Amino acid sequence: MSDTTPETTRPETDPAAAGRTVRVALLGAGNVGAEVARTLLDHGGEFAARVGAPVELAGIAVRDVNARRTVELPAELFTTDAEALIDAADVVIELTGGIEPARSRILRALHAGKPVVSGNKALIARHGRQLQDAADAAGVPLSYEAAVAGAIPIVRPMRDSLAGDRVDRVLGIMNGTTNYVLDQMDTTGASFGDALAEAQHLGYAEADPTADVEGHDAAAKAAILASIAFHSTFTIDDVYCRGITGVTAEDVAAAREAGYVIKLLAICERCPGGVNLRVVPTMIRRDHPLAGVHGAYNAVFVEAANAGSLMFYGAGAGGAPTASAVLGDFVSAARRLVLGGPAQVAEPHAQLPAVPMDDVRTSFSITLTVQDRLGVLARIAQVFADHGVSILTMQQTDHPGGAPDLAQIRLVTHRGANKDLVATVDALGELAFVEEVAGVIRVEHAD
Ligand SMILES: NC(=O)c1ccc[n+]([C@@H]2O[C@H](COP(=O)([O-])OP(=O)(O)OC[C@H]3O[C@@H](n4cnc5c(N)ncnc54)[C@H](O)[C@@H]3O)[C@@H](O)[C@H]2O)c1
Ligand SMILES: N[C@@H](CCO)C(=O)O
Ligand code: NA
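Predicted model, so just to flag it, every value in this text is computed and none were measured.

## Some details on the overall build of the protein chain
Argument step 1. Of regular secondary structure, the protein chain possesses 15 helices and 17 strands.
Argument step 2. Computed over the C-alpha atoms, the radius of gyration of the protein chain is 25 Å, within 12% of the 22 Å expected from 2.2 N^0.38 for a compact globule of 447 residues.
Argument step 3. Structurally, the protein chain occupies a C-alpha span of about 85 × 45 × 40 Å along its principal axes.
Argument step 4. Buried positions account for 52% of the 447 residues belonging to the protein chain.
Argument step 5. Partitioning the intrachain contacts of the protein chain with sequence separation of at least 6 by distance along the chain shows that 73% fall at a separation of at least 24.
Argument step 6. Surface exposure of the protein chain reaches about 19200 Å², of which carbon and sulfur atoms provide 50%.

## Some thoughts on the coordination of the sodium ion (ligand 3)
Argument step 1. Coordination of the sodium ion (ligand 3) by the protein involves Glu145 (O), Glu145 (OE), Val148 (O), Gly150 (O) and Ile152 (O), with metal-donor separations of 2.4 to 2.6 Å.
Argument step 2. Of note, the donors binding the sodium ion (ligand 3) are all from one chain and are spaced E-x2-V-x1-G-x1-I.

## Remarks on the domain arrangement of the protein chain
Argument step 1. In terms of domain boundaries, the protein chain breaks down into domain 1 (15-150 + 319-339), domain 2 (155-315) and domain 3 (361-443).
Argument step 2. The C-alpha-based centres of domain 2 and domain 3 are spaced at 26 Å.
Argument step 3. Contacts between domain 2 and domain 3 engage 10 residues on the former and six residues on the latter.
Argument step 4. Regarding the contact of domain 2 and domain 3, the summed buried area is about 870 Å², with carbon and sulfur atoms giving 56% of it.

## Notes on the site of ligand 2
Argument step 1. Around ligand 2 sit 10 residues, and of these Lys121, Gly176, Thr177, Asp212 and Lys221 come closest.
Argument step 2. A distance of 2.3 Å separates an oxygen atom of ligand 2 from a polar side-chain atom of lysine 121.
Argument step 3. The separation between a nitrogen atom of ligand 2 and a polar side-chain atom of aspartate 212 is 2.8 Å.
Argument step 4. Coverage of ligand 2 by the protein chains reaches 89% of its 260 Å² of free accessible surface.
Argument step 5. Taken together, the elements giving at least two residues each to the shell around ligand 2 come down to α8 (176-188) and α11 (216-229).
Argument step 6. Looking at side-chain class alone, the shell around ligand 2 contains one nonpolar, four polar and five charged residues.

Rules behind the numbers
- Residues numbered from 1 in each chain as written.
- Chains lettered and ligands numbered in written order.
- Predicted model: local features only at pLDDT ≥ 70, side-chain atom pairs only at ≥ 80, totals over all residues.
- Heavy atoms only, no water.
- Helix = DSSP H or I, 4+ residues; strand = E, 2+ residues; numbered from the N terminus.
- Rg over C-alpha atoms; globule rule 2.2 N^0.38 Å.
- Buried < 20%, exposed > 50% of the residue type's maximum accessible area, 1.4 Å probe, protein only.
- Contact = heavy atoms within 4.5 Å.
- Areas by Shrake-Rupley, 256 points an atom, 1.4 Å probe, with all protein chains shown as cover.
- Donors = N, O, S within 2.8 Å, 3.2 Å for Na, K, Ca; no water.
- Domains from an automatic or database assignment.
- Buried area = accessible area lost by both parts, 1.4 Å probe.
- Near = heavy atom within 4 Å.
- Polar contact = N/O pair within 3.5 Å; in protein donor to acceptor, adjacent residues only side chain to side chain.
- Nonpolar A, V, L, I, M, F, W, Y, C, P; charged D, E, K, R; others polar.

See the structure below:
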């Protein structure tokens, strides 16, 4: 919120007329929490105008009141007694992360009829149903726009704006660290290790970036978003997840040469029997809108029956961008508190099951190093045919290392059942004349 934003106080929303102050309990003062506190303190008048009542930051619960913080905040606001702070507040904003004690504290607030705003994707992706049931029972909102793709408005558009449509597929770049790494590998030819070190240096990746590079962070966001998009209940355990640690500079270069770029995509799609959720390194054509998402940016591409294709783009991480999403949820919840009215009940009426990866129809790119002799190509083609997998394109080149008796073959398949594609790759690896099977990456829109 800039200092030049004009103040707009309409007489009918005069805070004094509402007769109450909205007291906010903030849990956590890290990257996001500190920005939320600073914004609430610096722009109290504007929040009062937008909420319809004065807004007071009642306190900030932290583990250590004396810890050094990136943003200077009034010392008297800090407390280690989160429970007492929750009990004294009207709205609770949880920005501590992790499962416990965050879950118990959110439940404490909801059971007491207090709206909760959270950015905790790890918690919502595992216990979202339990928390939503508690919110519904109490008739108060539980909001978590910040938990999926940071600043990008996607949770509420998915829940509200697209509520009259049928979502068929969601493709998301929902982790900034991995997008930065893959983008650096694509645009500068950097190795995975060098690109990750740069991401850590720039502060995008965590000190321990396992949840980023192994895809777990994106998988949590996929489970949360798919639950809303498909009116069902998915957890992170329903997401087939592969990270980017196995993606090599050669894979990236080969994809580039073929007109593709490799992205860590979260894909949630309707398929026979339910919805498949996966987070996998994926080759997409360079003319796809998601191919143009560079650096640490996030984007969510939605395909819906009537709306067609939509793309939501922006900053998926960072203190201030994430605080924007948190505070949007806060204003909405606090406004409802002041004006009254029921919370929206988010009924997962469809309850579609998660479809495991085996039968999902996908397409593979495969790079083989083979002995260059008579009959090799025919034998390879036979392996594909034996598994019912159809080849879309095949290209043979000299071995990149210059070995005279070796050749490199790159194949892209038509769509086939994932289990048949995996069995094909295994069978190729067993052929005596195949020296190496590498660069096995899924491809979107190969046919
Ligand atoms: N940083 C981002 O870009 C981003 C983006 C989207 C969502 N989120 C989510 O927002 C939440 C906060 O993220 P962050 O980056 O600010 O984390 P952070 O690690 O910087 O801050 C967490 C804060 O919570 C405090 N805390 C932890 N456990 C506590 C406890 N038991 N009691 C009291 N305080 C406790 C810590 O001391 C710290 O002040 C997380 O759930 C995260 O997943 C973060
Ligand atoms: N580590 C996450 C932060 C936002 O969830 C990312 O890189 O996108
Ligand atoms: Na968001």
